[in-house]
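Descriptive analysis of the structure
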Amino acid sequence: MTVPVLTDSHCHLDFPDFDQERPEVITRALDAGVRRMVTICTRLRNEPQVRAIAEAHEPVFYAAGTHPMSAAEEPLATVDQLVALSRHPKFVGIGETGLDYHYTADSAEVQRRSLRLHIEAAQETGLPLIIHARDADQDMARILTEGFRAKEYTCVMHCFSSGAGLARAALDLGFYLSMSGIAAFPKSQELRDIFAAAPVDRILVETDSPYLAPPPHRGRRNEPAYVAHTARKGAEVFGLAFEEFAAQTEVNFDRLFAKAAAWQDTARQRPAREARA
């Protein structure tokens, strides 16, 4: 039986949860049809370790930024710093960045400054911005919109679990919503309704592993292989066959993360070139 191909658009393979079996976790993902993973660096001082994972594993790409919950603890990223990191061939996104007023509302001002710097880096590089948003819908919509009006950029609302208003504001800017295991939780019908109202060509899937494992793994460590469970729920939400929904999310990922798609194309061509040599 053919396993539908998927991409885990957001995971954290550098976290200690995976230290004892990182190669095995990546192998299990490939066996489950997850052909690509984007591992996210949340503190720029950890970028070398995250980059090393992407360099060591063909299916893994990476992005880097300062997570909003760390914004007050870390030096502010500079646009030049992010632009320099973006020159790595497997660096495919800016972030995650964003606003989190649930746990860290006391650092709201520095979070907003950090977010604007990341937006500028996304505008400069042409790479998609990766957004974390929690309990900050109004400020998030305002800052993203102001930045876009100044200069257009692309963006994904990672692990989207905010309100319908922020979803609409993001979609109106041409941005993407990423579906995590939260969307598969039994009590998440309101969130599923928000996704159902979105265009299916603007949807990605992710694990945010090691967090937010979808059923039937809820409460345990998440890993990229489990993105298939979220994608199955996504297919239900959109009234599509699993294979059709999976294929659509692949098209969506390739469109947004064009640098990762170009790497894959080059990798496929490499054996043919080597055979001719």
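Residues numbered from 1 in each chain as written. Predicted model: local features only at pLDDT ≥ 70, side-chain atom pairs only at ≥ 80, totals over all residues. Heavy atoms only, no water.

Side note on helix H9 (residues 242-256)
Between its first and last C-alpha atoms H9 spans 21 Å; for 15 residues at 1.5 Å apiece the expected length is 21 Å, and the two agree. When H9 is considered as a whole, its buried residues turn out to be Phe242, Phe245, Ala246, Thr249, Glu250, Asn252, Phe253 and Leu256. Buried residues of H9 fall within an arc of 165° about the axis and therefore sit on the same side. (Helix = DSSP H or I, 4+ residues; strand = E, 2+ residues; numbered from the N terminus. Expected span 1.5 Å × (residues − 1). Buried < 20%, exposed > 50% of the residue type's maximum accessible area, 1.4 Å probe, protein only. Arc of directions from axis to C-beta.)

Some remarks on the pairing of strand S7 (residues 176-179)
Here S7 shows two buried faces, one formed by Tyr176 and Ser178 and the other by Leu177 and Met179. One ladder, built from two bridges, connects strand S6 (residues 155-157) with S7; its direction is parallel. The residue bridging Val156 from the neighbouring strand is Tyr176, located in S7. Both S7 and strand S8 (residues 203-205) contribute to a ladder of three bridges, which runs parallel. If you follow Ser178 over to S8, its bridge partner there is Leu204. Handedness of the crossover joining S7 and S8 through helix H7 (residues 189-196): right-handed. (Pairing = 2+ DSSP bridges. Right-handed = clockwise from strand over helix to strand, strands pointing away.)

Details of the packing of aromatic side chains
Taken as a whole and assessed by the stated rule, the structure comprises nine aromatic pairs. Measuring from ring centre to ring centre gives 5.8 Å for Phe148 and Phe175, while their planes differ by 80°; the resulting arrangement is edge-to-face. Here Phe175 lies in the loop between helix H6 (164-172) and S7 and Phe148 lies in helix H5 (residues 137-150), a separation of 27 residues in the sequence. Overall, Phe175 belongs to the buried group, its relative accessible area being 0%. Three or more aromatic residues link up through ring pairs in this structure, and these residues are Phe148, Tyr153 and Phe175. Here the guanidinium or amino end of Lys90 rests over the ring plane of Phe61, the centre of that ring lying 5.0 Å away. For the cation-ring pair, Arg218 lies above Phe185, with the distance from its terminal atom to the ring centre recorded as 3.7 Å. (Phe/Tyr/Trp six-rings, centres within 6.5 Å; stacked < 30°, edge-to-face > 60°. Lys NZ or Arg CZ within 6 Å of the ring centre and 35° of its normal.)

The quantities given are spatial measurements derived from coordinates; they are silent on function.
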